[in-house]
Amino acid sequence: MTISIKAYANADDVLIAWQPDSWPTNWVGFQLERRNDTTQQVTTIANRIPPQPGQGPVQPTGISSAASPIRRCIWTDHGAVATDSVSYRVTPMIAADKGTFTPDASSASAWTAPVVAAGDAGGGLEAYFNRGTLMSQIVSRFVNGDVSDKSLHDFLNNLKTPGFQARLYLAGDALHEILRFLHDADRRGSSIHAAIYEMNDRELVEALKPFGSRGHVLLGNGSATEPWVAQELTAAHIEVKHRDLSHHGRSSPSVHNKFVVESDASGRNAGRVLTGSTNWTTTGLCTQLNNVLIVEDAQIAGRYLDQWGKLVAAGDDMPASLKATNSKPTDHNNISLYFAATNGEAEFKPVLDLIAGAQQGVLFLMFMPGQSPLLEALLDRVQQNNIYVRGVVSTVTASKTGDIGTVGGQVVKSGAPAQAFHDDVELPAGVSEEDRPSWAETEFNVKEIHAAHLMAIVHSKVIVVDPFSNNCAVITGSHNFSDSASGKNDENLVIVRGNTQLAQAYALHINGVYDHYSWRAYLANGGAPDQIYKPLDGWKPGGSRAQELAFWMNTPVPAQSTGRGTSSGSPQPSAKQPARPKTHTGAKKSPAGRTAKKPAHAAARTKTAVRKETKPGRAHQTTAKHKSSRK
């Protein structure tokens with residue numbers, strides 16, 4: 001008997017997947033071990049789920065997977081230390097007497113090839129992520145289980161403080177690497193040119209001040225920028241420019257870039273650039289999920305520097321000449337760079353080709369895509385159900401004054417038939433007291449977060465295509481992938497082809513976000529948390545998790561089962577059907593509350609209706625009135 005096992009790493013996590021070639025019926029789960037390949041020390045990975053249903057929360061450090069087996073075939077290790085070379089092994093576990101377990105040692109897997117948790121993906125590319133998920137068990141532990149309004153207000157206020165433990169955790173590598181980028185540039189005596197949508201984080205502002213006259217900052221029209229930012233940067237002798245495409249102090253159309261270019265002291269010869277989705281605000285760092293991409297390539301960095309000058313020269317306008325140059329990509333070392341606004345959505349055309357040509361799978365995160373042609377293309381691949389698709393779409397509506405309206409979104413997965421796509425879930429409001437498992441803590445919910453003038457959103461804008469193939473691609477930057485962003489905003493969009501390490505790093509990031517929301521959605525919509533203790537059938541060929549496992553094992557991906565059952569050890573999401581206008585559906589509901597299947601000729605009609613639900617106005621979450629970083 002053989003268990004194949006693979007491990008993939010980014011700067012934050014290691015994902016391990018394993019697949020037996022046969023499945024003895026007495027296996028109930030797996031012990032997972034990590035080996036430090038430098039010291040040869042072996043550590044048994046901890047599980048946060050108790051060994052039996054009905055038991056309370058385990059200790060903060062978890063419980064050994066030898067005592068509480070992992071009842072699935074994919075696991076993310078958050079405990080690997082950066083720069084350590086590590087390998088992994090799984091051993092099947094069999095139930096023994098009195099709630100204990102014994103290993104099936106003869107069936108243990110080999111050790112994986114060594115991996116290193118690092119942001120460097122080679123080719124001058126680095127990728128980093130924050131952990132800005134307020135609706136999480138770790139935040140519950142930061143506040144010692146106190147999820148009252150006062151506790152949340154105090155917690156969020158403390159996130160502004162450098163060194164605050166929760167700030168360091170939530171901002172993670174994103175904050176660390178922005179600060180390191182600036183520190184290294186200053187140490188070398190370099191100049192920087194930054195175009196930032198909005199800024200109010202004290203630690204980031206302070207990190208800019210040492211540049212003095214070597215610093216050049218273009219501030220966009222984001223509503224979260226506070227007056228003291230420009231005042232203090234100017235007092236530090238930094239050149240500060242402003243750009244407002246709305247001409248009236250509104251945040252839309254958005255001057256939406258978030259990039260910093262390092263060049264020599266003269267400010268002419270660029271060497272590297274930092275970009276991504278992260279707004280330079282406390283919310284952008286700590287309460288939204290974001291990414292940072294660093295590109296060390298003189299030609300690509302030089303194009304960013306040239307764009308900075310073009311934006312300053314354009315003032316508050318979007319002249320035709322700027323749109324014309326934006327529409328022409330800069331291509332170098334398998335990197336394509338576009339700026340927006342463009343003519344005819346030029347930046348979308350290569351991305352549409354990549355999505356259409358995907359052979360293994362596509363993973364994505366989107367923020368406010370509206371009626372995006374890219375989301376349309378992804379939903380086409382969902383309907384085709386011949387590759388692995390996973391994604392999260394986060395949406396926000398706002399009033400005319402820029403206040404938060406509603407916050408919501410959807411979790412997207414392959415295998416959902418077109419006529420039932422709307423059964424995929426809205427973003428949940430955390431694990432409430434009513435639906436939490438006995439072994440989990442209550443989490444802050446959306447209403448409480450909004451009352452404290454913040455949002456918990458997926459703000460990364462990322463698409464990953466075929467991450468295990470030499471034809472892989474990563475698409476990211478500031479771009480929301482929306483029609484309006486393409487036609488009206490200042491944006492940047494980066495396409496990196498052929499770098500499997502970078503593609504896998506982003507794929508891990510997306511997978512973690514998907515798992516976070518799909519599990520909470522499952523609970524929020526009546527899912528039974530004890531489902532995880534059921535047999536491992538879902539991971540076997542033909543099971544509900546077989547497509548997912550095949551994808552991460554880099555084997556041929558079968559069509560996803562479209563059945564409603566969830567026999568896996570970790571449930572797939574299901575949800576109550578959101579309310580929709582009557583004109584959007586002609587189907588009668590079954591007694592269980594689910595939409596009855598429609599004849600084939602109705603599928604296209606429903607598909608159109610579902611896509612309309614991805615518009616911001618279709619969000620189904622609570623409301624709050626407060627301006628906040630959200631683009």
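Residues numbered from 1 in each chain as written. Predicted model: local features only at pLDDT ≥ 70, side-chain atom pairs only at ≥ 80, totals over all residues. Heavy atoms only, no water.

Draft legend 1. Examining the environment of W308 more closely. Along the polypeptide, W308 turns up in helix α7 (residues 298-314). Between the C-alpha atoms of W308 and A195, which are 113 residues apart in sequence, the distance is 6.9 Å. In this structure W308 touches H193, A194, A195, H216, V217, L218, E239, K241 and F259, once residues within four positions along its chain are discounted. Among the polar contacts listed, one links the side chain of W308 to the backbone oxygen of A194, at a separation of 2.9 Å. (Helix = DSSP H or I, 4+ residues; strand = E, 2+ residues; numbered from the N terminus. Contact = heavy atoms within 4.5 Å. Polar contact = N/O pair within 3.5 Å; in protein donor to acceptor, adjacent residues only side chain to side chain.)

Draft legend 2. Local environment of the packing of aromatic side chains. Enumeration over the complete set of coordinates arrives at 17 aromatic pairs. For the ring pair W18 and F30, a centre distance of 5.5 Å and an interplane angle of 70° mean the geometry is edge-to-face. With W18 in strand β2 (residues 14-20) and F30 in strand β3 (residues 27-36), this residue pair connects regions lying 12 residues apart in the sequence. This pair shows no difference in class: W18 is buried, exactly as F30 is. Between F551 and W552, the ring centres sit 5.2 Å apart and the planes meet at 85°, which makes this aromatic pair edge-to-face. Taken together, Y8, Y388, F468, F551 and W552 form an aromatic cluster joined through their ring pairs. We note R35 situated over the ring of W111; from NZ or CZ to the ring centre the distance is 4.6 Å. The positively charged end of R272 is found above the aromatic ring belonging to F181, 4.0 Å away from the centroid. (Phe/Tyr/Trp six-rings, centres within 6.5 Å; stacked < 30°, edge-to-face > 60°. Buried < 20%, exposed > 50% of the residue type's maximum accessible area, 1.4 Å probe, protein only. Lys NZ or Arg CZ within 6 Å of the ring centre and 35° of its normal.)

Draft legend 3. Just the side chain of K461, in detail. Structurally, K461 can be placed in the loop between β25 (457-458) and β26 (462-465). Buried and unpaired, K461 has E491 as its nearest opposite-charge partner, separated by 6.9 Å. A polar atom in the side chain of K461 sits 2.5 Å from the side chain of N480. (Lys, Arg positive; Asp, Glu negative; His and termini not counted. Salt bridge = Lys/Arg side-chain N within 4 Å of Asp/Glu carboxyl O.)

Draft legend 4. Examining helix α2 (residues 149-158) more closely. Those residues of α2 not exposed but buried are S151, L152, F155 and L156. Seen end-on, α2 carries its buried residues on one side only, within an arc spanning 125°. Against the buried residues of α2 lie α1 (137-142), α3 (165-187) and α11 (446-451). (Arc of directions from axis to C-beta.)

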